[in-house]
Amino acid sequence: MSVRRLDPVQPESFAFTPGNLVWAKETLAKYPEGRQASAVIPILWRAQEQIGGWITRPAMEYVARMLDMSFIRVYEIATFYTMFQLSPVGRKAHVQLCGTTPCMLRGAEELKEVLRRRIHREPHRLSANGNFSWEEVECLGACVNAPMVLISKDTYEDLTPETLERVLDEIAAGREPKPGPQIDRQFSAPEGGPTTLIDPSLYDGGGAGEREQASATTAARQVPPSAAGKPDTARTETAPAVHSPSPEKTSEAERSRQAVSDRAEAHATPEKVPSRVARAAREADMSVVKQPPPRAVEGSEPPFDNQSKK
Ligand code: FES
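Please read all numbers here as calculations on a predicted model, not as lab measurements.

Trainee: Can you walk me through helix α3 (residues 57-67) in this structure?
Mentor: Each full turn of the α-helix corresponds to 3.6 residues, which orients residues three or four apart in the same direction. Of the residues making up α3, those classed as buried are Pro 58, Ala 59, Met 60, Tyr 62, Val 63, Ala 64 and Leu 67. Those residues of α3 that are buried lie in contact with α1 (18-28), α2 (40-51) and α4 (71-80). Directly beyond the C-terminal end of α3, a positive phi value near 55 degrees is found at Asp 68.

Trainee: Explain α1 here, please?
Mentor: Along α1, the residues classified as buried are Asn 20, Ala 24, Thr 27 and Leu 28. Down the axis of α1, the smallest arc covering the buried residues is 95 degrees, so these residues share one side. Counted as exposed and oriented over 90 degrees from the buried face of α1: Pro 18 and Lys 25. Considering only its buried residues, α1 is in contact with α2 and α3.

Trainee: Hey, could you run me through the environment of Ala 172 in this one?
Mentor: As for its placement among the helices and strands, Ala 172 is situated in helix α7 (residues 161-172). C-alpha of Ala 172 to C-alpha of Ala 93: the two residues are 79 residues apart in sequence and 8.6 Å apart in space. When near neighbours in sequence (up to four residues on either side) are disregarded, Ala 172 contacts Lys 92 and Phe 132.

Trainee: Even after reading the chapter, I still don't get the environment of Leu 105, so can you show me in this structure?
Mentor: Within the secondary structure, Leu 105 is located in helix α5 (residues 101-105). For Leu 105 and Pro 147, which are 42 residues apart along the polypeptide, the C-alpha to C-alpha distance reads 8.3 Å.

Trainee: Sorry, what's going on with the packing of α1 against α3 here?
Mentor: Each packed pair of helices is defined by two parameters, the angle between the axes and the distance between the axes. Closest axis-to-axis distance for the α1/α3 pair is 12 Å, and the angle between their directions is 45 degrees. Classed by the angle they form, the pair α1 and α3 counts as oblique. The element α1 and its partner α3 pack so that their crossing is right-handed. Contact with α1, carried on its side by Leu 21, Ala 24 and Leu 28, involves Tyr 62, Met 66 and Leu 67 of α3 and no other residues of that element. For the contact of α1 with α3, the per-class residue count stands at six nonpolar, no polar and no charged.

Trainee: Is there a simple way to explain the packing of aromatic side chains in this structure?
Mentor: Two aromatic rings, taken as a pair, are described by how far apart their centres are and by the angle between their planes. One pass over the full model with this rule turns up six aromatic pairs. When the centroid spacing of 5.5 Å and the interplanar angle of 70 degrees are considered together, the rings of Phe 14 and Phe 16 count as edge-to-face. One exposure class covers both Phe 14 and Phe 16, and it is buried. Relative to Tyr 62, the ring of Phe 14 lies with its centre 5.1 Å away and its plane at 80 degrees, an arrangement referred to as edge-to-face. Within this pair, whereas Phe 14 is found in the segment before α1, its partner Tyr 62 is found in helix α3, the two being separated by 48 residues in sequence. Residue class for Phe 14 comes out buried when judged on its relative accessible area of 12%. Taking relative accessible area as the criterion, Tyr 62 reaches 15% and is therefore assigned buried. Pairwise contacts between aromatic rings join Phe 14, Phe 16 and Tyr 62 into one cluster. Across the ring face of Trp 23, the terminal group of Arg 46 is positioned such that the distance to the ring centre comes to 4.0 Å.

The rules behind the values
- Residues numbered from 1 in each chain as written.
- Predicted model: local features only at pLDDT ≥ 70, side-chain atom pairs only at ≥ 80, totals over all residues.
- Heavy atoms only, no water.
- Buried < 20%, exposed > 50% of the residue type's maximum accessible area, 1.4 Å probe, protein only.
- Helix = DSSP H or I, 4+ residues; strand = E, 2+ residues; numbered from the N terminus.
- Contact = heavy atoms within 4.5 Å.
- Arc of directions from axis to C-beta.
- Axes fitted to C-alpha atoms, helices over the stretch in contact; angles between N-to-C directions.
- Parallel < 35°, antiparallel > 145°, perpendicular 65-115°, else oblique.
- Left-handed = near helix turned anticlockwise from the far one by under 90°.
- Nonpolar A, V, L, I, M, F, W, Y, C, P; charged D, E, K, R; others polar.
- Phe/Tyr/Trp six-rings, centres within 6.5 Å; stacked < 30°, edge-to-face > 60°.
- Lys NZ or Arg CZ within 6 Å of the ring centre and 35° of its normal.

If you want it as structure tokens, here you go:
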């Protein structure tokens, strides 16, 4: 990006038109008292539109007085953001070409050659008829459709030298070219149309029953055969309840519910002992006994009780 300086040729003065003045006062009224400086960008933008696409020094001074700001504060904003132009721009279009890495890798250099040939060898210079100008800027946020240009408030994406020339031809002829991707895709969707979620029954509800049955069968398959007799709780975590009216599906559902219930039982055991182990312990009358905390001996340091700290 080139150094941004004010144009050496400046007009004598600037003032908002009556209509823009009314708009500016209404805009300022939206901000809390004492915070009118926060409106500097929309006010500068309106001044740029009134001037014809660029912002002059008298306009910056006018805006600074209106917002009770020092001139340098307005100057640093206008010279920082590339949305503000500091020199006259083309009457029909000022083309901002993204030259950041993704666009550069996808052909921004070739696009720049088109702009240099059709408009001017140097950026920020007017074409011979005064209708066009161009510059290179940093990322404009459409990297997914690189390479791209911004013209006025529209972006033109997925460009090639040929499609950029076509866009410029349309503007030169007084027509409005279609903004956005210049290839066959919607926004940043795949070229040629969607490649996923393309089954119409996903959207009209027609496939809902089959999908429910399919997902129930899949869930039931995840329940091991042992779940019917001695449940293996370590392998039943993914088995949800099954809602199927057929007898076959009903028995599968029962096995699934049994597995879930065994799992809940295991988690409900205070010592978090798996149910198989708990059952074996009960059968052998060897239930797990919780150890009491150690007793303090009179006159000694109280023992550190890990359990009670939790
Ligand atoms: S790199 Fe070009 S739009 Fe982001």
